[in-house]
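The lines below spell out each chain.
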Amino acid sequence: MDRSFVTGVRVGLGLALASFVLAVTFGALARSAGWGVVAPIVCSLVVFSGSAQFALVTVMSGGGGVAAAIAAAGLINGRFVPMGIAVSGDLRGGRLRRALEGQAVVDGSWVAAHRGGGRFDRHLLFGATAVQWPAWVAGTALGVVLAPPEGLVHDLGLDVVFPAFFLVLLLDELRSSGRARAAAGLGATVAGGLVLLLPAGVALLGSSAAALLGLATPREDR
Amino acid sequence: MTIWLAIGCVALLSFAMKAVGPAVLGDRELSGRARGVVALLAPVLLAGLVVVNVAGPGWRGLDWTLVVGLGGVVAARACRAPVLVAVLAGVVVTAVLRVALG
């Protein structure tokens, strides 16, 4: 088996653990919102995006309507467009195969596969996603079946798991260059400002504009 | 029925968003400047994800026990703790604070 794929699986195991915990909370939330047993599991199987799925359940159960819920989830997943563009040069095959390979892009795997300088390790991306997907679906199923009380995840401090993993990945990225630190600082500031007034997905998309700093400064690979 | 419609639409949207870049760009190489922007997308999006996740809509989800827990993660990583140990440190710090504060 490809060594990069195995490395990806190893990296993905930690991410899968976080995904699993988050998925349990998603399953429980969807069940309590009246989604039943099958729909949350199918949702995790075909959407496979925590932030979008939470947005979908939250807006629908808040009486926001189907169109608003779909729009919110779509906006949150809007970040996959620039992320897909970023990896496109490192994928293989024709357009259809590349489009299918692009489905492996999820936040943690995408960052883990980043080799610096805008290049990505394709097999590492696949390996990291291959373990997260089943963990996400299994966690959802467990959440739906167990339906733990809403406060339990909070009381156990498990709501820290997901931002903690993003933070660990961010710390690794910050070591790469001063330019990465400046862009991350700007991105965090923009996201923090936008989320005051706008939905999370729009704030995230807006924060990605901070990457335009890459146009103005000389390239500095790690 | 509306739940299934919503799931189907979001699944298609997600597929399209991940597919459009690789399908349209194909194997064309990005220019040096575009690659410079792409190189910064990871730190920028991660920073945005952390802030949005911690703050919540309108900053109404801000929970200082969670922020201190994330401080524990940073401290653990600074002490060269492995990733899972660092995350566990964040969970323990947050949980202990919440128990202590009732």
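Thresholds, definitions, all that
Residues numbered from 1 in each chain as written. Chains lettered and ligands numbered in written order. Predicted model: local features only at pLDDT ≥ 70, side-chain atom pairs only at ≥ 80, totals over all residues. Heavy atoms only, no water. Helix = DSSP H or I, 4+ residues; strand = E, 2+ residues; numbered from the N terminus. Rg over C-alpha atoms; globule rule 2.2 N^0.38 Å. Buried < 20%, exposed > 50% of the residue type's maximum accessible area, 1.4 Å probe, protein only. Contact = heavy atoms within 4.5 Å. Areas by Shrake-Rupley, 256 points an atom, 1.4 Å probe, with all protein chains shown as cover. Lys, Arg positive; Asp, Glu negative; His and termini not counted. Charge placed at Lys NZ, Arg CZ, Asp CG, Glu CD. UniProt positions renumbered as here; feature names shortened; annotations may be inferred. Core = buried A, V, L, I, M, F, W, Y, C linked by side-chain atoms within 4.5 Å. Buried area = accessible area lost by both parts, 1.4 Å probe. Salt bridge = Lys/Arg side-chain N within 4 Å of Asp/Glu carboxyl O. Polar contact = N/O pair within 3.5 Å; in protein donor to acceptor, adjacent residues only side chain to side chain. Nonpolar A, V, L, I, M, F, W, Y, C, P; charged D, E, K, R; others polar. Axes fitted to C-alpha atoms, helices over the stretch in contact; angles between N-to-C directions. Parallel < 35°, antiparallel > 145°, perpendicular 65-115°, else oblique. Left-handed = near helix turned anticlockwise from the far one by under 90°.

Caption draft 1: Inspection of the overall build of chain A at higher detail. Counting its regular elements, chain A contains 13 helices and two strands. For a compact globule of 222 residues, the expected C-alpha radius of gyration is about 17 Å, and chain A comes in at 18 Å, within 12% of that figure. Taken along the three principal axes of its C-alpha coordinates, chain A extends 50 × 45 × 35 Å. For chain A, with 222 residues in total, the buried portion stands at 53%. Partitioning the intrachain contacts of chain A with sequence separation of at least 6 by distance along the chain shows that 69% fall at a separation of at least 24. Accessible area for chain A stands at about 8,900 Å²; split by element, carbon and sulfur atoms hold 69% of it. Distance between charge centres in chain A, computed from 16 positive and 12 negative side chains, equals 9 Å.

Caption draft 2: The arrangement of the UniProt feature "transmembrane region" (unreviewed entry) in chain A in detail. Residue and element names in this part refer to chain A. The sites that carry the UniProt feature "transmembrane region" (unreviewed entry) are, in the present numbering, residues 12–30, 124–146, 152–171 and 183–216. Across residues 124–146, the secondary structure splits into 100% helix and 0% strand, with the terminal C-alpha atoms separated by 33 Å. In residues 183–216, helix accounts for 71% and strand for 0%; the two terminal C-alpha atoms are 11 Å from one another.

Caption draft 3: Region of the structure containing the environment of Pro57 of chain B. Structurally, Pro57 of chain B is set in the loop between α2 (32–55) and α3 (64–78). Along the primary structure Pro57 of chain B and Leu88 of chain B are separated by 31 residues, whereas in three dimensions their C-alpha atoms are 26 Å apart.

Caption draft 4: How the structure looks around the nonpolar core. In this structure, Val105, Trp110 and Phe120 of chain A together with Leu70 of chain B are the most contacted members of the largest nonpolar core, which totals 59 residues. If we ignore the near neighbours within four places in the chain, the residues touching Leu70 of chain B are Val160, Pro163, Ala164 and Leu167 of chain A together with Val54 of chain B.

Caption draft 5: Structural context of the interface of chain B and chain A. Each partner contributes to the interface: chain B provides 66 residues, whereas chain A provides 88 residues. Overall, the association of chain B and chain A removes approximately 6,700 Å² of surface from exposure, summing both partners, and the carbon and sulfur fraction of that is 77%. In this assembly, chain B and chain A are joined by two salt bridges. For the pair chain B and chain A, the interface holds twelve residue pairs in polar contact (both at pLDDT 80 or more). With 23 residues, the single largest contributor to the side of chain B that touches chain A is α2 of chain B. Here the side of chain B that touches chain A is composed, by residue class, of 46 nonpolar, twelve polar and eight charged.

Caption draft 6: Molecular detail of the UniProt feature "transmembrane region" (unreviewed entry) in chain B. Residues and elements named next belong to chain B. Here, the residues flagged by UniProt with the feature "transmembrane region" (unreviewed entry) are residues 34–54 and 84–101. The span residues 34–54 is 100% helical and 0% strand by assignment, and the distance between its end C-alpha atoms comes to 30 Å. When the span residues 84–101 is considered, its composition is 94% helix and 0% strand, and the gap between its end C-alpha atoms is 26 Å.

Caption draft 7: Seen up close, the packing of helix α1 (residues 3–32) of chain A against helix α3 (residues 50–61) of chain A. Residues and elements named next belong to chain A. In contact at an axis separation of 10 Å, α1 and α3 are set at 15° when each is read in the N-to-C sense. In terms of axis orientation, α1 runs roughly parallel to α3. Here the hand of the crossing between α1 and α3 comes out left-handed. Contact residues: Leu22, Thr25, Phe26, Leu29 and Ala30 in α1; Gly50, Gln53, Phe54, Val57 and Thr58 in α3. Looking at side-chain class alone, the contact of α1 with α3 contains six nonpolar, four polar and no charged residues.

Caption draft 8: Examining the side chain of Glu101 of chain A more closely. Position of Glu101 of chain A relative to the elements: it lies in helix α6 (residues 95–101). The class for Glu101 of chain A is buried, based on a relative accessible area of 8%.

Caption draft 9: The arrangement of the packing of helix α10 (residues 161–174) of chain A against α3 of chain B in detail. The N-to-C vectors of α10 of chain A and α3 of chain B enclose an angle of 40°; their axes lie 10 Å apart at closest approach. Classified by the angle between their axes, α10 of chain A and α3 of chain B sit oblique to one another. In this structure, the crossing between α10 of chain A and α3 of chain B has a hand that is right-handed. Listed contacts from α3 of chain B to Pro163, Ala164, Leu167, Val168, Leu171 and Asp172 of chain A of α10 of chain A are Leu66, Leu70, Val73, Val74 and Arg77 of chain B. In terms of residue class, the contact of α10 of chain A with α3 of chain B is built from nine nonpolar, no polar and two charged.

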